[in-house]
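Per-entry structural report
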Amino acid sequence: ADSSIDRWLGALRQHHDSTYRHSMYVCGTLAYFGHEIGARGLDLKQLTVGGYLHDAGKARIPLDVLDKPGKLDDAEWLVMKRHPEYSREILLQENGLTEQIVEMAAHHHERIDGSGYPDGLKDGQITDIVRLTAIADVYSALTEPRAYKPAMSNEKAFEIMDSFNGHLDHDLLRRFREFILDIEGGANPA
């Protein structure tokens, strides 16, 4: 499975380098935070590999949509919203990937209140590993510099994430915030 994973990641890097860099950032964030909250062995490996592969489906999204500065129109948004389904299709064809890794890719845009996509999952239908992926994905997207926006401070990112009512798991988000601010010396955990 490793060689086919490398092939997909190579394709993603060639297709869209900033998505590849985002995947690396999510992977590292999940690895460090997962270790902090006690994930070890296979659980930690799944978090890491799942973070690495969570956006594999973006290799099938046109560059004019991925690189558009500003807000996507309705048609572009429908195209972009397909990437978790594409990720699921891609990863289900690979041998050796666990169900959890596929879930991380397919469901990282689901929301606690059921308003996410692609399957409209809510509450207990969303596993902890997917909840962690969603937090790492949003945090990374906010704090990474992009061609169309500068990097955002940790404090501002967490302020925005806190305002997402019904989106993220707030207990996990609180622990994640404490972890990030502690390792970056941004503040003392409350």
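In this report, the structure presented in the accompanying data block is examined.

What follows deals with the overall build of the protein chain. The number of helices and strands found in the protein chain is 10 helices and zero strands. Helices and strands appear in the protein chain in the N-to-C order α-α-α-α-α-α-α-α-α-α. The principal-axis extent of the C-alpha atoms belonging to the protein chain is close to 45 × 40 × 30 Å. Taken across its 190 residues, the protein chain has 45% of its residues classed as buried. In the protein chain, the proportion of contacts linking residues at least 24 apart, taken out of those at least 6 apart, comes to 61%. Element-wise, carbon and sulfur atoms account for 51% of the exposed surface of the protein chain, whose accessible area totals about 9800 Å².

Here the focus is the pattern of salt bridges. Under the criterion given, the structure shown has 11 salt bridges. Measuring nitrogen to oxygen at the nearest pair gives 2.8 Å for the salt bridge that ties Glu89 to Arg60. Taken together, the positions of Glu89 in helix α6 (residues 83-92) and Arg60 in the loop between α3 (41-53) and α4 (63-66) put the pair 29 residues apart, joining distant regions of the chain. Classification of Glu89 by relative accessible area gives partly exposed; the value is 36%. Given a relative accessible area of 35%, Arg60 falls into the partly exposed group. Taken together, the shared-partner salt bridges connect Arg13, Asp17 and Arg21 into one network.

What follows deals with the environment of Ala141. Inspection of the secondary structure assignment puts Ala141 in helix α8 (residues 128-143). Taking the relative accessible area as the measure of exposure, Ala141 reaches 27% and is therefore partly exposed. Distance in space between the C-alpha atoms of Ala141 and Leu12 is 17 Å, their sequence separation being 129 residues. Those residues within four positions of Ala141 in sequence are excluded, and the remaining contacts are His22, Arg146 and Lys149.

Think of an α-helix as 3.6 residues a turn; residues three or four steps apart then line up on the same face. The first and last C-alpha atoms of helix α10 (residues 170-183) sit 20 Å apart over 14 residues, in line with the 20 Å expected at 1.5 Å per residue. Taken as a whole, α10 has its buried residues at Leu172, Leu173, Phe176, Phe179, Ile180 and Leu181. Looking at the buried positions of α10, the neighbouring elements they touch are α2 (17-36), α8 and α9 (154-162). N-cap assignment for α10: the residue whose side-chain oxygen lies 3.0 Å from the backbone N of Asp171 is Asp169. Looking at the residues trailing α10, positive phi occurs at Gly185, about 65°.

With that out of the way, let us pick up the packing of aromatic side chains. The tally for this structure, following the rule as stated, stands at six aromatic pairs. Ring geometry for Tyr139 against Phe158: centres 5.3 Å apart, planes inclined by 20°, an arrangement best described as stacked. With a gap of 19 residues between them, Tyr139 in helix α8 and Phe158 in helix α9 connect regions that are remote in the sequence. Classification of Tyr139 by relative accessible area gives buried; the value is 1%. One aromatic cluster is present, built from ring pairs that chain together Phe33, Tyr139, Phe158, Phe176 and Phe179.

Calculation rules
- Residues numbered from 1 in each chain as written.
- Predicted model: local features only at pLDDT ≥ 70, side-chain atom pairs only at ≥ 80, totals over all residues.
- Heavy atoms only, no water.
- Helix = DSSP H or I, 4+ residues; strand = E, 2+ residues; numbered from the N terminus.
- Buried < 20%, exposed > 50% of the residue type's maximum accessible area, 1.4 Å probe, protein only.
- Contact = heavy atoms within 4.5 Å.
- Areas by Shrake-Rupley, 256 points an atom, 1.4 Å probe, with all protein chains shown as cover.
- Salt bridge = Lys/Arg side-chain N within 4 Å of Asp/Glu carboxyl O.
- Expected span 1.5 Å × (residues − 1).
- Polar contact = N/O pair within 3.5 Å; in protein donor to acceptor, adjacent residues only side chain to side chain.
- Phe/Tyr/Trp six-rings, centres within 6.5 Å; stacked < 30°, edge-to-face > 60°.

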